[in-house]
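Geometric and topological summary
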Amino acid sequence: MPAITPSLWFDNNLEQAIEFYSSVFPNSSVERIDRFTDAGPGTPGDVVSAYFTLDGQPFVAINGGPQFPFTEAVSFMVRCRDQAEVDYYWERLVDGGEESQCGWLKDRFGLSWQIVPDRLDELTGDPDPARAAAATKAMLGMRKIVIAELDEAVAGM
């Protein structure tokens, strides 16, 4: 089976990004960092590309410059078992970045993340349409997803 590896384009801050992401996610490592040489086109010693793993998922990235910034059109979803995991990933990834809504955030490098508790999918996928709607309505009013508030919305319908 072929492997699909996300490839990311950073604005000359790739090395800082992989250090940050590796500190957030367990089971992470940096396999290789390639640097420009005297052959160019960049400054010798500067990072041109890297291969790294975040929580078992391989990535490749380049320092391509400002031409192609990240947008919300591509994001990474972090599935969380409980509120403690939601809080852990939310607090670390949003540090230096910005909150959005419905569990989305942008990190300090502009990359979008969705921090999603399993309970959200359970409730919004409930076979009872009223329960699913109550959970969805509650989620739409949140930035970080708070499981207790989802449960309260469903219980109070």
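For the structure given in this document, a descriptive report is provided here. (Residues numbered from 1 in each chain as written. Predicted model: local features only at pLDDT ≥ 70, side-chain atom pairs only at ≥ 80, totals over all residues. Heavy atoms only, no water.)

Among all positions in helix α1 (residues 14–24), only Leu14, Ala17, Ile18, Phe20, Tyr21 and Val24 are buried. Along the axis of α1, the buried residues cluster in a sector spanning 160 degrees; they form a single face. Looking at α1, the residues exposed on the side facing more than 90 degrees away from the buried face are Glu19 and Ser23. Looking at the buried residues of α1, the elements they touch are β1 (7–10), β2 (29–35), β3 (47–54), β4 (57–63), α2 (83–94) and β8 (112–117). (Buried < 20%, exposed > 50% of the residue type's maximum accessible area, 1.4 Å probe, protein only. Helix = DSSP H or I, 4+ residues; strand = E, 2+ residues; numbered from the N terminus. Arc of directions from axis to C-beta. Contact = heavy atoms within 4.5 Å.)

With that settled, consider the sheet that holds strand β7 (residues 104–106). Spatially, the 4 strands line up as an open sheet ordered β5-β8-β7-β6, and their pairing is mixed. This sheet does not close on itself; its edge strands, each paired only once, are β5 (75–80) and β6 (98–99). Where β6 meets β7, 2 bridges bridge the pair, whose relative direction is antiparallel. Across the sheet, residue Glu98 finds its bridge partner in β7, namely Lys106. The strands that α2 touches are β5, β6, β7 and β8; relative to β8, the one it contacts most, it runs at about 165 degrees. (Pairing = 2+ DSSP bridges. Axes fitted to C-alpha atoms, helices over the stretch in contact; angles between N-to-C directions.)

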